[in-house]
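Chain by chain, the residues:
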Amino acid sequence: MKGSTTGGDAADGPRGELNPITFRRRLMRWYRDNARALPWRDTSDPYGIWVSEIMLQQTRVAAVIEYYTEFMRRFPTLVSLALAPEADVLAAWSGLGYYRRARMLHKAAQFIMTERRGQLPSSSLELRTLPGIGEYTAAAIASIAFGESVAVVDGNVERVILRLTGRANDATAAARRFVREQAQALVPHAPVTLKPYSQSGEGSPPSGNPAGDHNQAMMELGATVCLPHAPRCSECPVHSLCCTRGEHPTPTRTPQRSQPAACLLDLRKRGPATEVLLECRPGDAAVMPAMYELPKLPQEAVEGLEPALRLRHAITNTNYYVQVYSPRRLVRSGSGSHLSVDKPSTVSAHALRSVLPTETQNLHWTRTTRLASLPLTGLTRKILQRLKVMKNTRITLAE
DNA sequence: TAACCGTGGCC
DNA sequence: TGGCCAAGGTT
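Parameters at a glance
- Residues numbered from 1 in each chain as written.
- Chains lettered and ligands numbered in written order.
- Predicted model: local features only at pLDDT ≥ 70, side-chain atom pairs only at ≥ 80, totals over all residues.
- Heavy atoms only, no water.
- Salt bridge = Lys/Arg side-chain N within 4 Å of Asp/Glu carboxyl O.
- Helix = DSSP H or I, 4+ residues; strand = E, 2+ residues; numbered from the N terminus.
- Buried < 20%, exposed > 50% of the residue type's maximum accessible area, 1.4 Å probe, protein only.
- Phe/Tyr/Trp six-rings, centres within 6.5 Å; stacked < 30°, edge-to-face > 60°.
- Lys NZ or Arg CZ within 6 Å of the ring centre and 35° of its normal.
- Pairing = 2+ DSSP bridges.
- Contact = heavy atoms within 4.5 Å.
- Axes fitted to C-alpha atoms, helices over the stretch in contact; angles between N-to-C directions.
- 1 Å grid on protein atoms, 1.4 Å probe; cavity = no way out; pocket = protein on both sides within 12 Å on 5 of 7 lines; lining within 4 Å.
- Points joined across faces, edges and corners; volume = space filled by probe spheres on them.
- Nonpolar A, V, L, I, M, F, W, Y, C, P; charged D, E, K, R; others polar.
- Core = buried A, V, L, I, M, F, W, Y, C linked by side-chain atoms within 4.5 Å.
- Polar contact = N/O pair within 3.5 Å; in protein donor to acceptor, adjacent residues only side chain to side chain.

It is worth spelling out the pattern of salt bridges at this point. A full pass over the atoms with the stated rule returns 14 salt bridges. Ionic pairing is found between K107 and E86, a salt bridge with its closest N-O pair at 3.8 Å. Placement of K107 in helix α6 (residues 99-115) and of E86 in helix α5 (residues 86-93) is noted, with a sequence separation of 21 residues between them. Among the residues examined, E86 registers a relative accessible area of 27% and is labelled partly exposed. One salt bridge connects E306 with R310, and the closest N-O pair in it is separated by 3.5 Å. For R310, a relative accessible area of 52% translates into the label exposed. One network of salt bridges, in which partners are shared, links R36, R41 and E220.

The next subject is the packing of aromatic side chains. If you walk through the whole model with that rule in mind, you get 4 aromatic pairs. For the ring pair Y47 and W50, a centre distance of 6.4 Å and an interplane angle of 75° mean the geometry is edge-to-face. Linking Y47 with W50, this pair stays in helix α2 (residues 46-55), spanning 3 residues, or about one helical turn. Residue classification places W50 among the buried positions, given a relative accessible area of 0%. Their ring planes at 85° and their centres at 5.8 Å tell us that F71 and W93 sit as a pair that is edge-to-face. Here F71 is found in helix α3 (residues 61-74), whereas its partner W93 is found in helix α5, with 22 residues between them in sequence. An aromatic cluster is built from F71, F75 and W93, whose rings are joined through pairwise contacts. One cation-aromatic arrangement involves R167 over F178; the distance from NZ or CZ to the ring centre is 5.3 Å.

All right, on to the sheet that holds strand β6 (residues 309-315) then. Across the sheet, 4 strands lie side by side as β5-β1-β7-β6; this open sheet has mixed pairing. Two strands in the sheet have a free side with no partner beyond their single neighbour: β5 (296-297) and β6. In this sheet, strand β7 (residues 318-325) lies alongside β6 in antiparallel orientation, the contact comprising 7 bridges. When the sheet's bridge partners are listed, R312 is paired in β7 with Y321. Relative to the sheet, helix α13 (residues 378-386) contacts β1 (257-264), β6 and β7, its axis offset from that of β6 by approximately 155°.

Counting across every chain of the model gives 2 cavities of 30 Å³ or more. With 3 residues, helix α9 (residues 155-165) is the largest single contributor of residues to the lining of the second largest cavity. Considering only residue class, the lining of the second largest cavity consists of 10 nonpolar, 2 polar and 2 charged.

A few words on the environment of V324. Here V324 is to be found in strand β7. Separated by 15 residues in sequence, V324 and L309 have C-alpha atoms that sit 5.1 Å apart. If we ignore the near neighbours within four places in the chain, the residues touching V324 are C263, L265, P307, A308, L309, I383 and L387.

Turning next to the nonpolar core. In terms of nonpolar packing, the biggest core is built from 73 residues, with F23, Y47, W50, M55, F71 and W93 touching the most fellow members. In terms of residue count, helix α8 (residues 135-146) provides more of this core than any other element does, 9 residues in total.

This part takes up the side chain of H106. Looking at the secondary structure, you find H106 in helix α6. A distance of 2.7 Å separates a polar side-chain atom of H106 from the backbone oxygen of A84.

Let us look at the layout of surface pockets. Its volume calculated, the second largest pocket comes out at about 420 Å³. Taken together, 18 residues line the second largest pocket, and the ones lying closest to its centre are E135, Y136, V152, V153 and R180. Looking at the lining of the second largest pocket, the elements with two or more residues in it are α7 (124-127), α8, α9 and α10 (173-186). For the lining of the second largest pocket, the per-class residue count stands at 9 nonpolar, 3 polar and 6 charged.

This is the structure we're talking about:
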């Protein structure tokens, strides 16, 4: 970097090198005034910051907030997470997606308890060795929780750096190295603390942790201003330092496909309890292993039948157009709904159940009161909530 | 390196 | 309805 620190823009023009001091000052002033209040920004607990960073992988902030709050209520400490059965952890994750994250988080917590006396590693290098923690997450935890001066590079930071510098995004290793080096050059240097970084107590960011605040500000800028398609350059605090002013091609993505699907919603009464038929996915399934879902019906078996519910559900690059078939009717009465077991609709339970694929097994009649504590797939949770079979709440049962 | 893993919301 | 995602990691 050039030595000019006079503060004038002339030396920091779009075609020149980024002056880290000017850049940081403008970024942080903007962040101080524009940082969103998020639950994980109220804590200096490395465990809480870790949980938030895992949840935020490839997942929108808006989707994480509720899950984070409930997860931290359910598993407030690293010990409580390590001691919990995996099914409980998955149940708390149900609907958030990428369930491998939850399994690896759980595994890592157990590893830390048995091999590290409950101490989360405090350096990005050591954090990197834990399952589920890659380059980005290691840098995020190390800087935000422990003050290490290491740059985080997520999709937002990459886009911000590429636009600032005008470097082409050719998806090569050289481009990634360039972005990482540029990002690192902008991070404020601060002594690496080995203890968790304690917040000033106000709760609202910035917290007074130079590297952690800077990294969060970079991501915040990318997430709220330097948007992928319609960047709001007029609101950008470093607009005058930017080489491209937002003109930057965005990479193409793999096209989506559409596919029909059908599943069975079968309910029965057992005394005062209502039970629903669930199938447990194989433990070695490629997706969502050992999680519970409604039994799938072959498309041919439901020709001409009227579904109880239609909805769309996206899994990775496939849009599933799902039809739910119920042999029994849900009758709305007053405030809620109840099950009418003696009024089969167009088709009997036996008829529908008999067309389940032969490989279907692991069927379980499950009390609806237990649903919230089971690792349901997101689609199943959505259907059961939509049809009022389970409450639309994330509160899990007490012990 | 590239494919794969889940989801809810927005337009 | 269909397209496009959003704070990555693993294999």
